[in-house]
2 protein chains.
Amino acid sequence: MSKIYVVGIGPGGREYMTPQAEAAILASDAVVGYTVYVKLIEHLTEGKKVVSTAMRGEVERARIALDLALKGKTVSFVSSGDAGVYGMAGLIREVAEGHPEVEIETVPGITAAMSGAAVLGAPLIHDFAVISLSDLLTSWELIEKRISLAAEADFVICIYNPKSHKRREHLDKAVDLIMQHRSGDTPSGYVKNIGRDGQKSVVLKLSELKGNDDIDMFTTVIVGNSQTRVINGELVTPRGYDHDGKSEK
Amino acid sequence: MSKIYVVGIGPGGREYMTPQAEAAILASDAVVGYTVYVKLIEHLTEGKKVVSTAMRGEVERARIALDLALKGKTVSFVSSGDAGVYGMAGLIREVAEGHPEVEIETVPGITAAMSGAAVLGAPLIHDFAVISLSDLLTSWELIEKRISLAAEADFVICIYNPKSHKRREHLDKAVDLIMQHRSGDTPSGYVKNIGRDGQKSVVLKLSELKGNDDIDMFTTVIVGNSQTRVINGELVTPRGYDHDGKSEK
């Protein structure tokens, strides 16, 4: 039976990739992915057919993966982070909709919300929302609505795609919307190049995210909720333990 | 220097645990955790001091981990899933606040939102909110507010702790709140015992989550957004590709 694994390889370093992801790649005849991600796993792809394409070729890549599967190949379609979070796990199923004979399995990975939170301390210990500021595929009006309602709900907010070359102002707009519901002093942070060379993390106030030229498209931003504190330089959102031992996970 | 790794071991099976998590445990003198999770990693703990405690001993466990670190031990404090998502990464930092000399490092893992989404297909391909229905540490009023606003924002909603022995009605209330903003036909799903013996997944309509006795405290529930579809029996939330190839991740 034809099979496609949609594999999340995590933030980059080998130490973040699960044995399940490694096994899926090793079990595949072909590996398809964005050039940069395929490069990160080249130690696993010797002897395999490797098809890498440049940025913005998502639909083309999905069709290539499907075509290989229809020819009887076992295919690993790789994404960074988790292929199931803003990743290729959805698109491949849309493209393959007319081919139920192709089995598609999502192999989860460490997404930037998790790896970024780990670098910053423990900001995601309570309810949170994950929002992309990219308006290439989503209307900016819907993005603004989601930011405002997430701020009103006091979710910790994890922001993907805070900026791009063309969209320098989106993060500033988002911060303004959040500050309608949350103090500008709210502990927040960002991480650049998570798990890769040049990783850098900064803990700062919500208001200090505005006009911040250090934040780029490879940065993940986390805004604390009303309870988030800075403890020994790290972001910590309390779950609410009263330190007498009650509660459950 | 004293060091505590707060380690997320993923949903249970060894294939989900990252090499980083395994290396942290192997590098530790002592391992502290809930009995069930410690059992899952006993292949890594031979020769180490192992302290396991029963459910609801979170603060006690954190204090034990801190005490061991203060005695100069390198400690792995283990959680299932990701220790940074409703996990021990926050509590240990609160308990250790007065001891900045103890280095604490969060080692991220695959949380139930990711592993559950992978089993169901690709529901988290667009903005999402993660909400726990446990009211042991959070007021039910705040939980209701977050559910309602997340539904209004058209987030995909991932629900942790949908029920417990004492709280059978919370999920039904949450579904009612979501249905004020979203059709009862909205594609949704749940996964029990993710990555463990007895794993079971069901794709169904939002309205069918009500009164569902199959869902228990070991279940993760995902409610689609207004765009989520069922494709070949799986949940898929489109990112919005028009299949002509434009866009970015």
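For the structure itself, consult the block above.
Residues numbered from 1 in each chain as written. Chains lettered and ligands numbered in written order. Predicted model: local features only at pLDDT ≥ 70, side-chain atom pairs only at ≥ 80, totals over all residues. Heavy atoms only, no water.

1. Focus on the packing of helix H3 (residues 58-70) of chain B against helix H4 (residues 88-95) of chain B
Residues and elements named next belong to chain B.
- Across the interface, H3 lies against H4 with an axial gap of 9 Å and an inter-helix angle of 60 degrees. Judged by the angle between their axes, H3 and H4 are oblique. Judged by the sense of rotation from one axis to the other, the crossing of H3 with H4 is right-handed. When H3 is examined against H4, the residues Glu58, Val59, Ala62, Arg63, Ala65 and Leu66 are found in contact with a partner set consisting of Met88, Leu91, Ile92 and Val95. (Axes fitted to C-alpha atoms, helices over the stretch in contact; angles between N-to-C directions. Helix = DSSP H or I, 4+ residues; strand = E, 2+ residues; numbered from the N terminus. Parallel < 35°, antiparallel > 145°, perpendicular 65-115°, else oblique. Left-handed = near helix turned anticlockwise from the far one by under 90°. Contact = heavy atoms within 4.5 Å.)

2. Observations concerning the relation of the copies chain A and chain B
- Relative to chain B, chain A is turned by 180 degrees and slid 0.0 Å along the rotation axis, the superposed coordinates differing by an RMSD of 0.0 Å. Taken together, the turn and the small shift mark the pair as related by a two-fold rotation axis.
- A shared interface surface links the copies, since 99% of the contact residues of chain A are contact residues in chain B too. (Least-squares fit on C-alpha atoms with pLDDT ≥ 70 in both.)

3. A closer look at the interface of chain A and chain B
- Listed by partner, the interface residues are 83 residues for chain A and 82 residues for chain B.
- Roughly 7800 Å² of surface becomes buried between chain A and chain B when both sides are summed, with 55% attributable to carbon and sulfur atoms.
- The tally of links from chain A across to chain B stands at 8 salt bridges.
- The tally of links between chain A and chain B comes to 32 residue pairs in polar contact (both at pLDDT 80 or more).
- Of the residues assigned to the side of chain A that touches chain B, the class counts are 37 nonpolar, 24 polar and 22 charged.
- In this structure, strand E7 (residues 128-132) of chain A lies alongside strand E7 (residues 128-132) of chain B, joined through 3 bridges in antiparallel fashion. Residue pairing across strands places A:Val130 opposite B:Phe128, the latter belonging to E7(B). (Buried area = accessible area lost by both parts, 1.4 Å probe. Salt bridge = Lys/Arg side-chain N within 4 Å of Asp/Glu carboxyl O. Polar contact = N/O pair within 3.5 Å; in protein donor to acceptor, adjacent residues only side chain to side chain. Nonpolar A, V, L, I, M, F, W, Y, C, P; charged D, E, K, R; others polar. Pairing = 2+ DSSP bridges.)

4. Concerning the pattern of salt bridges
- Tallied over the entire structure, the rule returns 24 salt bridges over all chains.
- One salt bridge in this structure joins A:Lys205 and A:Asp185, with 3.8 Å as the shortest N-O distance. You can see A:Lys205 sitting in strand E10 (residues 200-205) and its partner A:Asp185 sitting in the loop between helix H7 (170-178) and strand E9 (187-192), a full 20 residues away along the chain.
- A residue is classified by how much of its surface remains accessible, and A:Lys205, at 38% relative accessible area, is partly exposed.
- Between B:Lys192 and B:Asp216 there is a salt bridge, with the nearest N and O atoms lying 4.0 Å from each other. You can see B:Lys192 sitting in strand E9 (residues 187-192) and its partner B:Asp216 sitting in the loop between strand E10 (200-205) and strand E11 (219-223), a full 24 residues away along the chain.
- The exposure class assigned to B:Lys192 is buried, which follows from its relative accessible area of 13%.
- Several salt bridges share partner residues, and in doing so they unite A:Asp127, A:Asp154, A:Arg182 and B:Arg146 into one network. (Buried < 20%, exposed > 50% of the residue type's maximum accessible area, 1.4 Å probe, protein only.)

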